[in-house]
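So you can see what is in the structure, the chains are spelled out below.
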Amino acid sequence: MTLRITDLHFGYGRRKILHGVDLTAHKGELLGLLGPNGSGKSTVLKNIARIHTPTSGSFRWDETVALEDLRRRELARLVAYVPQTIDVSFELDVREAIVLGRTPHFAGRPTAEDWDHVDRAIELLGLGPLVGRSVTELSGGQAQRVLIARSLAQQPSILLLDEPTSALDIKYQLQTLRLARQITRTAQVAAIIAIHDLSQAARYCDRIAFLQDGHVLAVGTPEDVLTAERIEQMYGIEVSIIHANGSVQVIPRDEPDSTVALESATAAA
Ligand SMILES: Nc1ncnc2c1ncn2[C@@H]1O[C@H](COP(=O)(O)OP(=O)(O)OP(=O)(O)O)[C@@H](O)[C@H]1O
C-alpha cells in the first residue's frame, strides 16, 4: 500500500507555498522530508492531515482511497499527525492526553482495550515516570514524547511526524527515530518525518525527499540524494560526505576564518 500525493498546490492567502508537490510513501517505509527553513515541509504534512485545505492536488491511499473525501473520523483512523508542539487549552494528565489518540476508535468512553493501547504507548516512549502529571507542566521534550505516544495509540496506517526530535535530548532523539523506524516496519505504517539533521535522516530513513521553495528537488535513498553538491546548492554550506557505521554522514566543513575574525574582534574590544 502506498500514500500517493500528486500535484499538491497550496498557499497561505495569496502567497503560494507549494508548487505541484509529488510524493509517495510506501507501507513499511520511513520517508524523510528535508529542506531548508521555510521550504514547506510542515505545510506538506498539514495538507495531508487536512489541517490545511490544498488549492489543488490529490492524496490516494492504496490507489483507491481519496483522503480528501473521507470524513474526519475516517481520516483520523488512517492518518496520525504529530505536531511540533503540544497545544492544550485545558489541563489534561499524560494518560488523558494520550487517550485522545484513541478518539477515532471508540464511541462515548474509552474501553479497556483503548487504555491498553495507551499504556503500551506510555511504555514504548518511556513515559511511566510522568503518568499523573499535567501536560501543561511538562518540558518541551517531555511534551513532544507525549504527542508521539498519542499518535502511536491512534494506530494509524499513515504517520506524519513534524520535526519530532526538535526538542529532544540526544538520547531521546535516537530513541524516537529508532522507534519511528521500528513502528513503520513492524506495524507496516507509511511514515513521513520532517527532519533537519541530515546524518540522522540518512541513518534512519529509507528514502529522503528534498524540498526547496515548495518544490520537490530530489527523492531517493540517502546514498543517492545526500551529495555534497546538492547540500551546498540547497543550504549554501560546504560539507564532506563520509560513510561510517553503515550509513552516510554529513560533516559541515569548518570555516576557521570567521572564527579567527570573531576572536580577534573580541580581543581588540
Ligand atoms: N500560518 C501561516 N501563515 C502564513 N504563512 C505561513 C504560515 N505557516 C507557514 N508559513 C510560511 O510558509 C512557508 C513554509 O513554511 P513551513 O512551516 O511549511 O516550512 P518548513 O520547511 O516546515 O520550515 P521549518 O524548517 O522552519 O520548520 C514559509 O515561508 C512560512 O513563512
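Within each chain, residue numbers correspond to sequence positions counted from 1 in written order. Per-residue local features are limited, in this predicted model, to residues with pLDDT of at least 70; the limit for side-chain atom pairs, both in listing and counting, is 80 or more; totals at the level of whole chains, interfaces and linings are taken over all residues. The basis for every side-chain value is the complete set of non-hydrogen atoms in the structure, without hydrogens or water.

What follows concerns the overall build of the chain. A tally of regular secondary structure across the chain gives ten helices and twelve strands. Its C-alpha atoms give the chain a radius of gyration of 20 Å, near enough to 18 Å, the size a compact globule of 269 residues would have. Over its C-alpha atoms, taken along the principal directions, the chain stretches across nearly 65 × 45 × 40 Å. For every residue, the accessible area obtained with a 1.4 Å probe (protein chains only) is divided by the maximum for its type, and the residue is called buried under 20%, exposed over 50%, and partly exposed between those limits. Within the chain, the fraction of its 269 residues that count as buried is 46%. Here the analysis covers contacts within the chain between residues at least 6 apart in sequence; of these, 63% occur between residues at least 24 apart. As displayed, the chain has an accessible area near 13,400 Å², and 49% of this comes from carbon and sulfur atoms. Put simply, the chain has 28 plus and 33 minus side-chain charges, and the middle of one group is 6 Å from the middle of the other. For the purposes of this entry, the term helix denotes a DSSP run of H or I that reaches at least four residues, the term strand denotes a run of E that reaches at least two, and both are numbered from the N terminus. We compute the radius of gyration from the C-alpha atoms alone; for a globule the expected value is 2.2 Å times N to the 0.38, where N is the number of residues. Contacts were defined at the residue level, with two residues in contact if any of their heavy atoms lie within 4.5 Å. The method behind every accessible area is Shrake-Rupley, applied with a 1.4 Å probe, and residues are considered shielded solely by the protein chains displayed. Working convention for charge: Lys and Arg count positive, Asp and Glu count negative, and His plus the chain ends are omitted. Where a charge lies is defined by one atom per residue type, namely NZ (Lys), CZ (Arg), CG (Asp) and CD (Glu).

Being near a molecule or strand, for a residue, means having at least one of its heavy atoms within 4 Å of it. In the vicinity of the ligand, 14 residues are found, and the nearest of them are Asn 37, Gly 38, Lys 41, Thr 43 and His 196. Backbone polar atom of Gly 40 to an oxygen atom of the ligand: 3.0 Å apart, as the coordinates give it. Notes on the ligand: free accessible area 640 Å², of which the protein chains cover 63%. The set of elements that each furnish at least two residues to the shell around the ligand consists of strand E2 (15-26) and helix H1 (41-48). A total of three residues in the shell around the ligand trace back to one element, the largest contributor, which is H1. Residues of the shell around the ligand, tallied by class, amount to three nonpolar, eight polar and three charged. Distance and chemistry together define a polar contact, namely a pair of N or O atoms within 3.5 Å, with one atom able to donate a hydrogen and the other to accept it when in protein, and with adjacent residues in sequence counting only for side-chain atoms on both sides. Each residue gets one of three labels, nonpolar for Ala, Val, Leu, Ile, Met, Phe, Trp, Tyr, Cys and Pro, charged for Asp, Glu, Lys and Arg, and polar for the others, Gly among them.

Take the domain arrangement of the chain next. Domain extents, as shown, originate in an automatic or database domain assignment. Domain annotation of the chain identifies domain 1 (2-225) and domain 2 (237-269). Here the C-alpha centre of domain 2 lies 32 Å away from the C-alpha centre of domain 1. At the interface, six residues of domain 1 touch five residues of domain 2. Here the quantity called buried area is the total loss of accessible area, with a 1.4 Å probe, experienced by two parts when brought into contact, counted for both. Counting the surface lost from both domain 1 and domain 2, the interface buries some 440 Å², and carbon and sulfur atoms represent 64% of this. Breaking the side of domain 1 that touches domain 2 down by element, the ones donating at least two residues are helix H7 (198-204) and helix H8 (222-225).

Two elements, strand E1 (residues 2-12) and E2, share nine bridges in a ladder whose sense is antiparallel. Following the sheet pairing, Thr 2 is matched in E2 by His 26. DSSP bridges decide pairing: two strands pair if at least two such bridges lie between them. Hairpin connection from E1 to E2: two residues lie between these consecutive antiparallel strands, with Gly 13 at a positive phi of about 65 degrees.

On to the sheet that holds E2. Read across the sheet, four strands follow the order E2-E1-E4-E5 without closing on themselves; strand pairing throughout is antiparallel. The open sheet has two edge strands with one neighbour each: E2 and strand E5 (65-66).

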